[in-house]
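Report on the structure
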Amino acid sequence: RTRTPTNTHIDNSSPSTLAAMEQGLTLEELDPFIFRAPGEHLWQPLGARAVYGGQVVGQALMAAQRTVSDAMRLLSLHSYFLLPGMPGTAILYHVQVLRDGKTFSSRAVRASQGGKTVFHCEMVFHTPEVSEVSHQVDMPKVPRPESLLAPRELATKYMDKVPANVRGMLTRWLEEDLSFEVRYCNQVDMLTKMIRPDSRQVWVRATGKLGDSLALHECVVAYISDHMLLATCLGPHPDYIPSMMASLDHSMWFHAPFRADEWMLYDITSPQMSGHRGLCWGRLFRADGTLAVSVAQQGVVRTVARL
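Reference entry: report on the structure contained in this document. (Residues numbered from 1 in each chain as written. Predicted model: local features only at pLDDT ≥ 70, side-chain atom pairs only at ≥ 80, totals over all residues. Heavy atoms only, no water.)

Concerning the overall build of the protein
Each helix and strand in the protein was counted, giving 6 helices and 12 strands. Buried residues in the protein amount to 48% of all 307 residues. In the protein, 72% of the contacts between residues at least 6 apart in sequence involve partners at least 24 apart. On the protein, roughly 14500 Å² of surface is accessible, and the fraction owed to carbon and sulfur atoms is 54%. (Helix = DSSP H or I, 4+ residues; strand = E, 2+ residues; numbered from the N terminus. Buried < 20%, exposed > 50% of the residue type's maximum accessible area, 1.4 Å probe, protein only. Contact = heavy atoms within 4.5 Å. Areas by Shrake-Rupley, 256 points an atom, 1.4 Å probe, with all protein chains shown as cover.)

Here is the structure:
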């Protein structure tokens, strides 16, 4: 059973930054269960040593969705980053059917580059059901995104309060072109205080208007979910800066429908860090307070003393 590719289209009439999201998730079908991501569309973030992990997760999900029934929704995914992906070289996604049942389907996706496996992910899809009981945690009370400055505005307003030795790097980071929008809730603290809590809240959404397919919105949120996640574990350690950061694993649970082109609050916490490994949890809320997605990630975080 193959998902119709047109169900996951992105509106090309939207701004040019949205075209980057479209390119970042577009896959070429080589076989009903093998898909290719062109190397020229792989994004390497500023300061990173490899392809952006969220893009690999989103592409793997896009590949798996093409092999399940349209009636099914993503329930969860659990993935491992095995080798760094290199920009400029195509990634192949091999989808394996593990199970197709009446209400659940399972897929495994292996991503390879240059003949080597760089990523592995297992996903479960589920036919939606109505439950008699439900509960969720409350969304944190934070400023609304409309009241917050965009990163470029933030850099202009507060850069003179930032230590001179980090202004250049911070300016480049805040002004980096993304295919999604962000609004940091603790804006002044982020730029003017050296000690930060082991949590942060960020409003996120895709740039421009996406289509109506929930499958597409799931891929876009998977893409966004890697942003700022692992870096949160360094908040309580102001005397150190990272010399290397790399995701080891990434898990997501999908609870409720959402639109990735509408503001969602990403509430991130780091409950533990030791042995050069940091653990971070994330929760993505719709603007109405509904918990839509939960995220967990562990990664390698090597540090050096701040000069």
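What about helix α6 (residues 214-224)?
The buried count for α6 comes to 10 of 11 residues, which makes it a mostly enclosed element. Of the positions making up α6, those classed as buried are Ala215, Leu216, His217, Glu218, Cys219, Val220, Val221, Ala222, Tyr223 and Ile224. The backbone nitrogen of Ala215 has a side-chain oxygen 3.2 Å away, supplied by the residue at the start of α6, namely Ser213. (Polar contact = N/O pair within 3.5 Å; in protein donor to acceptor, adjacent residues only side chain to side chain.)

Some remarks on the pairing of strand β1 (residues 28-31)
In terms of strand pairing, β1 meets strand β2 (residues 34-37) through 3 bridges, oriented antiparallel. Looking across to β2, one finds that Glu29 is bridged to Phe35. If you look at the hairpin formed by β1 and β2, you'll find 2 residues sitting between the two strands. (Pairing = 2+ DSSP bridges.)

Notes on the packing of aromatic side chains
Within the structure shown, the criterion is met by 5 aromatic pairs. Pairwise contacts between aromatic rings join Trp43, Tyr52, Phe180 and Tyr223 into one cluster. (Phe/Tyr/Trp six-rings, centres within 6.5 Å; stacked < 30°, edge-to-face > 60°.)

Some thoughts on a nonpolar patch on the surface
The grouping of Tyr80, Leu82 and Leu83 at the surface amounts to a nonpolar patch, some 300 Å² of accessible area in total. According to the relative accessible area criterion, Tyr80 is partly exposed, its value standing at 45%. (Patch = residues over 30% accessible without salt bridge, like charges linked within 9 Å, V, L, I, M, F, W, Y side chains within 5 Å. Salt bridge = Lys/Arg side-chain N within 4 Å of Asp/Glu carboxyl O.)

Quick word on the sheet that holds strand β7 (residues 180-184)
The strand order β1-β2-β4-β5-β6-β3-β9-β12-β11-β10-β8-β7 describes an open sheet built from 12 strands, whose pairing is antiparallel. Looking at which strands have only one partner, the edges of the open sheet turn out to be β1 and β7. The sheet shows a mean angle of 25° between the axes of neighbouring strands, taken without regard to direction. Bridge count for strand β3 (residues 73-81) against strand β9 (residues 240-254) is 5 bridges, and the pairing is antiparallel. Looking at β9, one finds that Tyr80 is bridged to Asp249. Sitting on the sheet, helix α2 (residues 53-65) is in contact with β2, β3, β4 (91-100), β5 (104-113), β6 (116-126) and β9, with an inclination near 55° to β6. (Axes fitted to C-alpha atoms, helices over the stretch in contact; angles between N-to-C directions.)

Observations regarding the pattern of salt bridges
Counted under the stated rule, the structure contains 10 salt bridges. For the salt bridge of Arg73 with Glu218, the shortest nitrogen-to-oxygen distance reads 3.2 Å. With Arg73 in strand β3 and Glu218 in helix α6, this pair connects stretches of sequence that are 145 residues apart. Both residues of the pair, Arg73 and Glu218, belong to the buried class. Notably, a salt bridge pairs Asp288 with Arg286, separated by 2.9 Å at the nearest N-O pair.

Side note on the layout of surface pockets
Its boundaries defined by the atoms lining it, the second largest pocket holds a volume of some 670 Å³. The set of elements that each furnish at least two residues to the lining of the second largest pocket consists of β3 and α6. Here the lining of the second largest pocket takes 3 residues from β3, the largest share from any one element. (1 Å grid on protein atoms, 1.4 Å probe; cavity = no way out; pocket = protein on both sides within 12 Å on 5 of 7 lines; lining within 4 Å. Points joined across faces, edges and corners; volume = space filled by probe spheres on them.)

Description of the environment of Tyr266
Relative to the helices and strands, Tyr266 is located in strand β10 (residues 264-274). In sequence terms Tyr266 and Val295 are 29 residues apart; their C-alpha atoms lie 9.7 Å from each other. With sequence-adjacent residues up to four places away left out, Tyr266 is seen in contact with Arg200, Gln201, Val202, Ile224, Ser225, His227, Leu229, Gly282, Arg283, Leu284 and Val295. Among the polar contacts made by the side chain of Tyr266, one reaches the main-chain carbonyl oxygen of Ser225 at a distance of 2.6 Å.

Remarks on the nonpolar core
Considering soluble globular proteins, one finds that nonpolar side chains tend to be buried as a cluster. Within the largest apolar cluster, 65 residues are counted, with the highest numbers of intra-cluster contacts made by Tyr93, Phe119, Met123, Val220 and Val293. With sequence-adjacent residues up to four places away left out, Phe119 is seen in contact with Val56, Val57, Ala60, Ser79, Tyr80, Phe81, Leu82, Val109, Arg110 and Ala111. Grouped together as the second largest cluster of nonpolar side chains are 8 residues, Leu148, Leu265, Phe285 and Leu291 included. (Core = buried A, V, L, I, M, F, W, Y, C linked by side-chain atoms within 4.5 Å.)

Some words on the side chain of Arg73
Here Arg73 falls in the buried class, since its relative accessible area comes to 17%. Only 3.2 Å separates the side chain of Arg73 from the side chain of Glu218, close enough to count as a polar contact.

Some details on α2
Helix length check: α2 (13 residues) gives 19 Å between terminal C-alpha atoms against 18 Å at 1.5 Å per residue, within 8%. Taking burial as the measure, the 13 residues of α2 include 13 buried ones, the bulk of the element. (Expected span 1.5 Å × (residues − 1).)

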